[in-house]
Amino acid sequence: MRYSRFLGRTLREEPKESEAASHKLLTKAGYIDQLLAGVYTFLPLGWRVHRKIEEIIRQEMERLDAQEILLPALQKKEQWVETGRWSGPGEIDPPLFKFKDRRGRELALGPTHEEVVTDLARHFIQSYKDLPLAVFQIQNKFRNELRPTGGILRSREFFMKDLYSFHPNETDLNRYYKSVIGAYERIFSRCGVKVLTVAAHSGTIGGSESHEFMLPAEVGEDRAVYCEHCGFAANKEKSGELKNCPNCAQAVFEASAIEMGHIFKLGTVYSKKMKAYFLDRAGKRRPLVMGCYGIGLGRIMAAAVEE
């Protein structure tokens, strides 16, 4: 199709209240259009780029032997209550978009799918013979952000690839976790984005260990600490006021950064709460050992522009 026929035109004016270069340029070039704060339409040019990113991610997930599925965006209150993330001290942050259907049943729009996929696992995984198993999806998510900023870098509706893995033990989880780190680094490299792989806090997702993939950029809302000598890197929140590298004792550098992806060793946090068990070789019931791995597609697109 000719460019002159595409829906969307090059604009002379920058969008009002735009802060990030990617927000200004993607809007002016006719790649995206803002409906309301944190909610965007991908116009034909923007959607073509989005689909290319999606295909790169899909190829790398299939290299990990992950099976593609599609989980519901509408989620049950009961499953979130099981894990303690519906309300109270363990409530997910930012809080859920919650509403009632015509029968008065409380539902939520999914910002993530740990509860739904754990429910799926307890239905279908019964024995160690079913493990390991990994599933992924590419789906729109909903985050009830108080102040969505930066265009598609931080929005309230966005597409995310989320991968979930199930294992018989921590050793197998650790093996798979390392392979996911390699896959993520390949994804960002293929998209032309140079990231730091940093140790991070697990937040309200939970688990024993997590890593973020961060792009140093002035518009970033996070802070990364890194060593140019040995490659050590960590989220500032995780490393505190670190002055010297814990690996090689050289001085570390600090920079604003965009969180591009986040992965977690969940362990048995969700499987124990939701009673997702399997039978091991000795016939004993054990909780599934889990990992989860997220990456935002629109954020990769915006970050490529920022880079």
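Now for a quick tour of the structure. Bear in mind the structure is a predicted one, so any value in this text is a computation, not a measurement. (Residues numbered from 1 in each chain as written. Predicted model: local features only at pLDDT ≥ 70, side-chain atom pairs only at ≥ 80, totals over all residues. Heavy atoms only, no water.)

Observations regarding the overall build of the chain
- When helices and strands are tallied, the chain shows 8 helices and 16 strands.
- Whereas a compact globule of 307 residues would reach a radius of gyration of roughly 19 Å, the chain reaches 20 Å, a difference of no more than 12%.
- Each of the three principal axes of the chain carries a C-alpha extent, and together these read 70 × 60 × 40 Å.
- Considering the chain as a whole, with its 307 residues, one finds that 49% of them fall into the buried category.
- Sequence separation of 24 or more characterises 68% of the internal contacts of the chain that already satisfy a separation of 6 or more.
- Counting only carbon and sulfur atoms, one obtains 49% of the accessible surface of the chain, whose full area is about 15900 Å².
- Taking the average location of the 46 positive side-chain charges in the chain and that of its 40 negative ones, the two points are 4 Å from each other. (Helix = DSSP H or I, 4+ residues; strand = E, 2+ residues; numbered from the N terminus. Rg over C-alpha atoms; globule rule 2.2 N^0.38 Å. Buried < 20%, exposed > 50% of the residue type's maximum accessible area, 1.4 Å probe, protein only. Contact = heavy atoms within 4.5 Å. Areas by Shrake-Rupley, 256 points an atom, 1.4 Å probe, with all protein chains shown as cover. Lys, Arg positive; Asp, Glu negative; His and termini not counted. Charge placed at Lys NZ, Arg CZ, Asp CG, Glu CD.)

Quick look at the nonpolar core
- In terms of nonpolar packing, the biggest core is built from 41 residues, with M61, L163, Y184, Y293 and I300 touching the most fellow members.
- Those elements that provide at least two residues to this core are helix 2 (44-63), strand 7 (133-142), helix 5 (170-190), strand 10 (209-216), strand 13 (253-267), strand 16 (289-296) and helix 8 (297-306).
- Considering each element in turn, this core owes the most residues, 9 residues, to helix 5.
- The contact partners of L163, leaving out residues within four places of it in the chain, are M61, L64, A66, A134, V135, F136, Y176, V180, G291, C292 and Y293. (Core = buried A, V, L, I, M, F, W, Y, C linked by side-chain atoms within 4.5 Å.)

Looking at the pairing of strand 6 (residues 106-109)
- Relative to strand 6, strand 4 (residues 74-76) runs antiparallel, the two sharing 3 bridges. Its bridge partner being in strand 6, L74 is matched across the sheet by L109.
- Pairing between strand 5 (residues 97-100) and strand 6: 4 bridges, direction antiparallel. By the bridge assignment, K98 is partnered in strand 6 with A108.
- Between the end of strand 5 and the start of strand 6, which pair antiparallel, lie 5 residues, with G104 showing a positive phi angle near 85°. (Pairing = 2+ DSSP bridges.)

Notes on the sheet that holds strand 4
- Pairing is antiparallel in the open sheet, where 3 strands are placed in the order 4-6-5. Of all strands in the sheet, those with a lone pairing partner are strand 4 and strand 5, marking the two edges. Ignoring which end each strand starts from, the neighbouring axes of this sheet average 40° apart. (Axes fitted to C-alpha atoms, helices over the stretch in contact; angles between N-to-C directions.)

Geometric values such as these leave the question of function open.
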